[in-house]
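# What the coordinates show
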Amino acid sequence: MTVETVGFWVVAAVLLASSLAVVLTPNLFHAVLYLAAALVATGAIFLLLAQPFLFAVQLLLYAGGVVTIVVFAIMLTERLVGQRIRQTSRHVVNGAIVAAAVFAGIAGFLLRSPLATPPPGPAADATIAIGRALVGPFAVTLELLGVLLVTALLGALHFARGEE
Amino acid sequence: MIGLSSYLVLAALVFSIGLFGVLTRRNAVGILLGIELMLNAVNINLVAFARYNGDLIGVIFTLFTISITVAEVAVGLAIVIAIFRVRRTVEADRLDLLRG
């Protein structure tokens, strides 16, 4: 049992538990907090896969940005106290059956496919290579991403702005 | 040493949990949270393949999907707020404005 093995199982347990809590807890606000835990656990998985830069991006954009936006949306649409924030689920049995079937399909595919994985080489500092690739072969994609973010910002402003 | 299939099975589990949330939640914000979980599972897959194939393309693709997800969440929540203004509810079952 190396440190990586123990770390993987601990992080996997935290990720699965918080993911289940996101979809099962009746309190919507608690669900967002569990989602933050799940996102941080995903970032820890990136760390285990030797991608510290992605870990930082995950913390900044997901655990920082997305969770903040969702909390604001809940505060704008629900009252934080009282019964309104409690949410119920419907078709729980049907949903569980569909989700289990999808998982069985994916797992069956995984077990049948020969994943001949060579042991990964020593992890180099990937951040430099990521930066070179982003302004090299993927420069146009990066620019398009900037356009998309500006468009999304303007669209969100347009939708959320009240009529004056 | 953790094998590639461990990461893939973990991602499949998280994806299924997110799918369960999308199918069963009544609140539109809760459905969005389930979609977030599913997108996260896909990111785990991409990074795991990038690590075990020694190719950086998966990591760069993950960066792009994370940015697109953030944009999608911002627009989705703005739509939820706009719908709440009109209907005073965000329960997905009662949002039937387009039903003929």
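Residues numbered from 1 in each chain as written. Chains lettered and ligands numbered in written order. Predicted model: local features only at pLDDT ≥ 70, side-chain atom pairs only at ≥ 80, totals over all residues. Heavy atoms only, no water.

### A word on the overall build of chain B
- In terms of helices and strands, chain B carries three helices and zero strands.
- Mapped in sequence order, the helices and strands of chain B form the string α-α-α.
- By the compact-globule yardstick of 13 Å for 100 residues, chain B is too spread out, its C-alpha radius of gyration being 17 Å.
- Along the longest, intermediate and shortest principal axes, the C-alpha atoms of chain B span 50 × 25 × 20 Å.
- If you take every contact in chain B between residues at least 6 apart in sequence, the share linking residues at least 24 apart comes to 56%. (Helix = DSSP H or I, 4+ residues; strand = E, 2+ residues; numbered from the N terminus. Rg over C-alpha atoms; globule rule 2.2 N^0.38 Å. Contact = heavy atoms within 4.5 Å.)

### A word on the interface of chain B and chain A
- Each side of the interface is counted separately: chain B has 63 residues, and chain A has 78 residues.
- Taken together, the two surfaces of chain B and chain A that pack against each other cover about 6700 Å², and 78% of this comes from carbon and sulfur.
- Viewed at the interface, chain A and chain B are joined by zero salt bridges. (Buried area = accessible area lost by both parts, 1.4 Å probe. Salt bridge = Lys/Arg side-chain N within 4 Å of Asp/Glu carboxyl O.)

### Here's the deal with helix α6 (residues 139–160) of chain A
- Its 22 residues give α6(A) an end-to-end C-alpha distance of 32 Å, which sits within 8% of 32 Å, the value for a rise of 1.5 Å per residue.
- Residues of α6(A) that are buried in the fold lie against α3 (57–87) of chain B. (Expected span 1.5 Å × (residues − 1).)

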